[in-house]
Amino acid sequence: MALRRSYTATVERNVIWKGEFASEPYEAAWASEAIFFIRALDASPDFEGGLATVQISADGIHWADEGTTFELPRKTDAVSYCKVAHFGGFLRLRGHVAPGGGIKVLVSLSLKE
């Protein structure tokens, strides 16, 4: 039995999400499954939450919603995650934060063959 290949990439670090946002894309064509982890490094006192949607792309330029949507963590040091399978060559997150608030995030993408 062969050992499965895995890799964890830091996609965003110390980035503040306010209003509409999109994470940096990551090429993941070799992987068969992925998990996005979003850790709130600092949530502003008036942060009322937000939603993120997984997007997929064949070229890293043109994007389509994959269908998975989840809530962002609501307080400092909290973590949200989502699992993804059956994706194209590139992955990223896109979403929005409720008006008036902001959240500093650390986004990791764990990939497994």
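Preceding this section is the structure that the text describes.
Residues numbered from 1 in each chain as written. Predicted model: local features only at pLDDT ≥ 70, side-chain atom pairs only at ≥ 80, totals over all residues. Heavy atoms only, no water.

Asker: What is the right way to look at the nonpolar core in this model?
Answerer: Here is a general trend for soluble globular proteins: nonpolar side chains tend to be buried in one another's company. In this structure, Trp17, Phe36, Ile38 and Leu91 are the most contacted members of the largest nonpolar core, which totals 26 residues. Elements that contribute at least two residues to this core include exactly strand S1 (6-17), strand S4 (33-43), strand S5 (50-57), strand S7 (79-85), strand S8 (90-97) and strand S9 (103-112). (Core = buried A, V, L, I, M, F, W, Y, C linked by side-chain atoms within 4.5 Å. Buried < 20%, exposed > 50% of the residue type's maximum accessible area, 1.4 Å probe, protein only. Helix = DSSP H or I, 4+ residues; strand = E, 2+ residues; numbered from the N terminus.)

Asker: Would you mind going over the pattern of salt bridges with me for this structure?
Answerer: Under the defined criterion, the tally for this structure stands at 4 salt bridges. Here Arg39 and Asp77 are joined by a salt bridge, their closest N and O atoms 3.2 Å apart. One end of the pair, Arg39, is in strand S4; the other, Asp77, is in the loop between strand S6 (64-71) and S7, with 38 residues separating them in the sequence. Among the residues examined, Arg39 registers a relative accessible area of 34% and is labelled partly exposed. For the salt bridge of Arg74 with Glu71, the shortest nitrogen-to-oxygen distance reads 3.7 Å. (Salt bridge = Lys/Arg side-chain N within 4 Å of Asp/Glu carboxyl O.)

Asker: Help me out: how do you make sense of the environment of Gln55 in this one?
Answerer: Take Gln55: it is sitting in strand S5. Taking relative accessible area as the criterion, Gln55 reaches 6% and is therefore assigned buried. The spatial distance from the C-alpha of Gln55 to the C-alpha of Gly88 is 9.5 Å, given a sequence separation of 33 residues. What Gln55 contacts, discounting residues up to four positions off in sequence, is Trp63, Ala64, Asp65, Glu66, Phe90, Leu91, Arg92 and Arg94. Only 2.9 Å separates the side chain of Gln55 from the side chain of Asp65, close enough to count as a polar contact. Reaching out from Gln55, the side chain makes a polar contact with the side chain of Arg92 at a distance of 2.7 Å. (Contact = heavy atoms within 4.5 Å. Polar contact = N/O pair within 3.5 Å; in protein donor to acceptor, adjacent residues only side chain to side chain.)

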